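Structural description and commentary
One-letter residues, chain by chain:
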Amino acid sequence: MIEKGPKEFDIDTYREERNKKYKILLDTTNSEKELHKFFEENPSFIPGAWTPGTKSGHYPLHCALITQPKLQGLTTRIPDFMWIATHSSGWYPTLIEIESPSKNIFKNNGQPTSNFTQARNQLEQWKTWFSSASNVQQFLEQYQIPDYMRNERQMKLHMILIYGRRNEFEFDATKSKERMSLMSDGMELMSYDRLSCDRELRNAITIRLNANGKYEALSIPPTFQLGPHFANRLLKIFGINEAFNKTIDITDERREFLKIRCPYWEDWARNGEKGMVGSSDAE
């Protein structure tokens, strides 16, 4: 039975307010820790949810941003975030590294800075890790990649480095051109200024893989809706209700309504996703 409860936070209002908040944060802090926290609370800002090149119509796995995903056996720095993007023929572990927005890419002589080289080399190390078949197999098991993706779609690694500000190169044609050649295949370089709230990720949540090998919900935006498209993730991710308690910009009535309705959609997914539903925004 579909029920309509208190309305979710309007996505366009959310997008406008969060974009303003992000700009203020970006102009007042160079702290990676503060930016990481903002992105955890607002996963729709992090790029990589969609397949690179031509954007697919498929949401990322569980429509969830994974924070600080560990790669077993890797002794260097772990990624800050990861999406698992997919389309009909392929899927992409998309690793995202964020660096301080105050860091420059180039020295005065036009050569890459040591900070940038170090950040880029970090991505190269992840690429090397994924070149091992045993590591890939371990990844498939650790992150519970579904059989339909393993057996029917090709895996391709995608990595994104978020580094620096646009004002370093936007008025310098030489730097702009050189910047595009700094990354190797499968890597993408973005400035912080390029990020904004993606309204199509209104239902994206932030999760982590805990020490017990289970997905745990950390953050759920106030634009979140319950419905058939994402019902299955309620069976894969625990702590949803606890995460609702930390969601801001929703009323207590909306919060309690979501908690009450989650078991309905869990049962719907557990029973093979059978039964009629009105639409994707049915709650």
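Refer to the structure above for everything that follows.
Computed from a predicted structure; not experimentally measured.

**A closer look at the pattern of salt bridges**
All told, the structure shown has 23 salt bridges when counted by the stated rule. For E16, the salt bridge identified is with K20, shortest N-O distance 3.4 Å. Here E16 pairs with K20, and both are found in helix α1 (residues 11–28), just four residues apart, close to one helical turn. Note that D267 and R270 form a salt bridge whose closest N and O atoms lie 2.9 Å from each other. One end of the pair, D267, and the other, R270, are both in helix α9 (residues 252–270), three residues apart, so they sit about a helical turn from each other. Each of E32, R77, D80, E97, E99 and K103 takes part in salt bridges that share partners, so that together they form one network.

**Some points on the environment of I98**
Of note, I98 is situated in strand β3 (residues 90–98). Sequence-wise, I98 and L189 are 91 residues apart; in three dimensions their C-alpha atoms are separated by 10 Å. Once you skip the residues sitting within four places of it in the chain, I98 turns out to touch E32, H36, F39, R77, D80, I162 and Y192.

**Quick notes on the packing of aromatic side chains**
The relation between two aromatic rings is expressed through the spacing of the ring centres and the mutual angle of the planes. Evaluated as defined, the whole model comprises 17 aromatic pairs. Relative to F139, the ring of W91 lies with its centre 6.4 Å away and its plane at 15 degrees, an arrangement referred to as stacked. Of the two residues, W91 is situated in strand β3 and F139 in helix α4 (residues 133–142); the sequence distance between them amounts to 48 residues. Here W91 matches F139 in class, with each residue buried. Here the aromatic rings of W129 and F130 are separated by 4.9 Å at their centres, their planes lie at 75 degrees, and the arrangement is edge-to-face. Across this residue pair, the class does not change: W129 and F130 are buried. Among the aromatic residues, those joined into a cluster by ring pairs are Y22, F38, F39, F45 and F81. Over the ring of Y264 we find R261, and its NZ or CZ is 4.4 Å from the ring centre.

**Let's talk about unusual backbone geometry**
Positive phi values are uncommon outside glycine, yet Q68 reaches one of about 45 degrees. Assessed through its relative accessible area of 46%, Q68 is described here as partly exposed. Even without being glycine, Q144 reaches a positive phi, approximately 55 degrees. As for its position among the elements, Q144 is in the loop between α4 and α5 (147–152). On the basis of relative accessibility, which here comes to 31%, the residue Q144 falls in the partly exposed class.

**Digging into the pairing of strand β2 (residues 81–86)**
Of all six residues in β2, six are buried, a share of seventy percent or more. A two-sided burial pattern is seen for β2, the buried positions comprising F81, W83 and A85 on one face and M82, I84 and T86 on the other. Note: β2 against β3, six bridges, orientation antiparallel. Across the sheet, residue A85 finds its bridge partner in β3, namely Y92. Counted along the chain from β2 to the antiparallel partner β3, the turn is three residues long.

**A short note on the side chain of T223**
In this structure, T223 sits in the loop between β8 (215–219) and α7 (233–236). Taking the relative accessible area as the measure of exposure, T223 reaches 0% and is therefore buried. Looking at T223, its side chain comes within polar contact range of the main-chain oxygen of R202, at 2.7 Å.

**Observations concerning helix α3 (residues 114–130)**
In this model, α3 (17 residues) spans 25 Å end to end at C-alpha, consistent with the 24 Å of a helix rising 1.5 Å per residue. Among the residues of α3, those classed as buried are F116, A119, R120, Q122, L123, W126, W129 and F130. One side of α3 carries all its buried residues, which in axial view fall inside an arc of 165 degrees. Of the exposed residues in α3, those oriented more than 90 degrees away from the buried face are S114, Q118 and T128. Of the surrounding elements, those touching the buried residues of α3 are β3, α4, β4 (154–155), β5 (158–162) and β6 (187–190).

Calculation notes
Residues numbered from 1 in each chain as written. Predicted model: local features only at pLDDT ≥ 70, side-chain atom pairs only at ≥ 80, totals over all residues. Heavy atoms only, no water. Salt bridge = Lys/Arg side-chain N within 4 Å of Asp/Glu carboxyl O. Helix = DSSP H or I, 4+ residues; strand = E, 2+ residues; numbered from the N terminus. Contact = heavy atoms within 4.5 Å. Phe/Tyr/Trp six-rings, centres within 6.5 Å; stacked < 30°, edge-to-face > 60°. Buried < 20%, exposed > 50% of the residue type's maximum accessible area, 1.4 Å probe, protein only. Lys NZ or Arg CZ within 6 Å of the ring centre and 35° of its normal. Pairing = 2+ DSSP bridges. Polar contact = N/O pair within 3.5 Å; in protein donor to acceptor, adjacent residues only side chain to side chain. Expected span 1.5 Å × (residues − 1). Arc of directions from axis to C-beta.

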